[in-house]
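Understanding the architecture of this molecule
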Amino acid sequence: MANTIKKIGVLTSGGDAPGMSTAVRAVALAALKQGIEVVAIYEGYKGLIYNNIKPLKNTDVLNFINAGGTTLLSDRCDEFKTEEGMAKAIATCKEENIDAIIAIGGDGTFRGATDLSHRGIPTIGIPATIDNDITSTDYALGFDTAMNTNLMLGDRLRDTCWSHARCNVIEIMGRGAGYLALQSGIALGATIVAIPECDFDEEAAIAKLKAARANGQRSFIIAVAEGFPEKDGVPYGEYLTKRINTETKAEGAWIDTKFCRPAHMVRGGAPTLRDRLMAAQFAEKAVELILAGKSDCVVCARNGEIVETDISYALILDRMYKGKLKDGDLDKFSEEQVEAMKAFCAMRKAELDKMYALANLLA
Ligand code: F6P
């Protein structure tokens, strides 16, 4: 397969993440330097189905370096999951002479990438999601920028909380994963951090809050992951806010508590230094893999190195970590591979537990 690649397509798909455009720029520049034509596929996989494709030259991408959102636009395309949608996408690749694709996004994007690869279009994934919840990689583009936005917002809440002796609960995005809430919580000096992956003792947390107030603590920040299970029919952060207000008021020691949901605000903004550097490194590796004739893999950050991982391995590892394995998922792996996957998941959970313990130590 090596040397047969003349034209590659690049797309961004799923929830946008700061650093996606930086990665597109780096993919384009690295490929163009090797004499490979590059085309932008707009709106993710939908652009492949409806042929929304334009050539990219050096001069088109230069300002992508600090662009927020994704310049190539995005979509969560259900049609691509159908046989008909996939057939149209493959037909577009043939019509446009696209020999290979680099797909930037999260696990949904990688499922699409593996489908394309299995149908003869070599595809390489670059991880990008503010949730940083792709098990096979230590890092996904957008995480650092989103955390820094949380810090900026949370620090402002801290200012006003201090002035008015208040508490502020911040609900932090991350879908089912608590990485964003946990790391932002530590960096914001949160008194309480609640994430779905770790045991949380609500009574102990409220007791700690009251004791801290009794001990003179004027203001508080509480970080709750959006994926933490809801209670009393409302998102957990809203429930906790209500409980603290009602209970402390009734006890005559009111901790005036507000609720804040930055939500999509943390998805925008110019990528940070870390996201720009990671985007450059991921993109360089992805182009190298494509030109080496590789397919169906995702570039991953691991212990400071950029490595490649087979997409189906990465997807199943992810399902194993999240407790979502389907029947037959492990059938094609050897016993040793399954043991290695289990050990990897245990290592990821241990890392998370360690960080959660740190959040509680410093709370
Ligand atoms: O996966 C990124 C993410 O921002 C999650 O943190 C969040 O739960 C979800 O996407 C929101 O999705 P949408 O943009 O479709 O509302």
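Remember, predicted model here, so these are calculated numbers, not experimental data.

Our next topic: helix H11 (residues 311-321). Along H11, 11 of the 11 residues are buried, which leaves the element largely enclosed by surrounding structure. Restricting attention to buried positions, one finds in H11 the residues Ile311, Ser312, Tyr313, Ala314, Leu315, Ile316, Leu317, Asp318, Arg319, Met320 and Tyr321. Where H11 is buried, its residues touch helix H5 (107-118), helix H7 (179-188), strand S10 (297-302), strand S11 (305-310) and helix H12 (335-361). At the exit of H11 stands glycine 323, carrying a positive phi of roughly 65°.

Bridge count between S10 and S11: six bridges; the pairing is antiparallel. Note that in S11 the partner of alanine 301 across the bridge is isoleucine 306. The turn joining S10 and S11, which pair antiparallel and follow one another in sequence, is formed by two residues; a positive phi near 50° is taken by asparagine 303.

In the vicinity of the ligand, the contacting residues are Arg76, Thr129, Ile130, Asp131, Met173, Gly174, Arg175, Glu226, His264 and Arg267. In the environment of the ligand, an oxygen atom lies 3.0 Å from a nitrogen or oxygen atom belonging to the side chain of arginine 76. Within the side chain of glutamate 226, one N or O atom sits 2.4 Å away from an oxygen atom of the ligand. Here the ligand, which alone exposes 400 Å², has 75% of that area covered by the protein. Residues of the shell around the ligand, tallied by class, amount to two nonpolar, three polar and five charged.

An order of S3-S2-S1-S4-S5-S10-S11 is seen for the seven strands of this open sheet, with the pairing classed as mixed. The open sheet has two edge strands, strand S3 (53-55) and S11, and neither has a second partner. Strand-to-strand twist in this sheet, taken as the mean axis angle between neighbours without regard to direction, amounts to 25°. Here three bridges tie strand S2 (residues 37-41) to S3, and the two strands are oriented antiparallel to one another. Residue pairing across strands places isoleucine 41 opposite isoleucine 53, the latter belonging to S3.

This brings us to the domain arrangement of the chain. Each assigned domain of the chain is listed with its residue range as follows: domain 1 (2-142 + 271-310) and domain 2 (144-268). Measuring from the centre of the C-alpha atoms in domain 1 to the corresponding centre in domain 2 gives 36 Å. Across the contact, 14 residues belong to domain 1 and 13 residues belong to domain 2. Regarding the contact of domain 1 and domain 2, the summed buried area is about 1100 Å², with carbon and sulfur atoms giving 51% of it. Along the contact surface separating domain 1 from domain 2 lie one salt bridge. Linking arginine 267 and aspartate 16 is a salt bridge whose minimum nitrogen-to-oxygen distance equals 2.7 Å. Joining domain 1 to domain 2, the criterion identifies eight residue pairs in polar contact (both at pLDDT 80 or more). Classifying every residue of the side of domain 1 that touches domain 2 gives four nonpolar, four polar and six charged.

Formed by 94 residues in total, the largest nonpolar core has its most connected members in Ile8, Ile102, Ile104, Ile126, Ile195 and Ile222. Each of domain 1 (2-142 + 271-310) and domain 2 (144-268) gives at least three residues to this core.

A word on the pattern of salt bridges. Summed over all chains, the structure comprises 24 salt bridges. When the shortest N-O distance is used, the salt bridge between lysine 231 and glutamate 202 registers 2.8 Å. Highlighted residues: lysine 231 in the loop between strand S8 (220-225) and helix H9 (236-250) and glutamate 202 in helix H8 (residues 202-214), separated in sequence by 29 residues. Take glutamate 202: its relative accessible area is 8%, and that puts it in the buried class. A salt bridge links glutamate 238 to arginine 261, with the shortest nitrogen-to-oxygen separation between them at 2.6 Å. One end of the pair, glutamate 238, is in helix H9; the other, arginine 261, is in the loop between strand S9 (257-260) and helix H10 (273-291), and 23 residues separate them in sequence.

This part is about helix H1 (residues 20-33). Given a rise of 1.5 Å per residue, 14 residues ought to cover 20 Å, and the 20 Å separating the end C-alpha atoms of H1 matches this to within 8%. In terms of burial, H1 is a largely internal element, 10 of the 14 residues being buried. Among the structural elements, strand S1 (7-12), S2, helix H3 (58-61), strand S4 (100-105), strand S5 (123-127) and H10 are those in contact with the buried residues of H1.

The rules behind these values
Residue positions are given per chain, counted from 1 along the sequence in the order it is written. A pLDDT threshold of at least 70 governs which residues receive local features in this predicted model, and a stricter bar of 80 or more applies before side-chain atom pairs are shown or counted, although totals over entire chains, interfaces and linings include all residues. The side-chain numbers reported here are obtained from all heavy atoms of the structure, hydrogens and water having been left aside. Throughout this description, buried means an accessible area under 20% of the type-specific maximum (1.4 Å probe, protein chains only), exposed means over 50%, and partly exposed covers the range between. For the purposes of this entry, the term helix denotes a DSSP run of H or I that reaches at least four residues, the term strand denotes a run of E that reaches at least two, and both are numbered from the N terminus. Working rule for contacts: check all heavy atoms of both residues, and any pair within 4.5 Å makes them a contact. Pairing between strands requires that DSSP locate at least two bridges from one strand to the other. Working definition: residue near molecule or strand if any one of its non-hydrogen atoms lies within 4 Å of it. Two N or O atoms count as a polar contact when they lie within 3.5 Å, although within protein this holds only if one can serve as hydrogen donor and the other as acceptor, and sequence-adjacent residues are included solely when both atoms are side-chain atoms. Shrake-Rupley sampling with a 1.4 Å probe provides the accessible areas, and residues are treated as covered by the protein chains on show and by no other component. Residues are grouped as follows: nonpolar covers Ala, Val, Leu, Ile, Met, Phe, Trp, Tyr, Cys and Pro; charged covers Asp, Glu, Lys and Arg; every other residue, Gly included, is treated as polar. What counts as an axis is a line fitted to C-alpha atoms, over the stretch in contact for a helix, and the angles between N-to-C directions run from 0 to 180 degrees. How far each domain reaches was decided by an automatic or database domain assignment. Put simply, buried area is the surface a 1.4 Å probe can reach on two separate parts but cannot reach once they are joined, added for both. By definition, a salt bridge exists where a carboxyl oxygen of Asp or Glu is found within 4 Å of a side-chain nitrogen of Lys or Arg. Joining through side-chain atoms within 4.5 Å is the link that ties buried Ala, Val, Leu, Ile, Met, Phe, Trp, Tyr and Cys residues into a set, and such a set is a nonpolar core. The span one expects for a helix is its residue count, reduced by one, times 1.5 Å.

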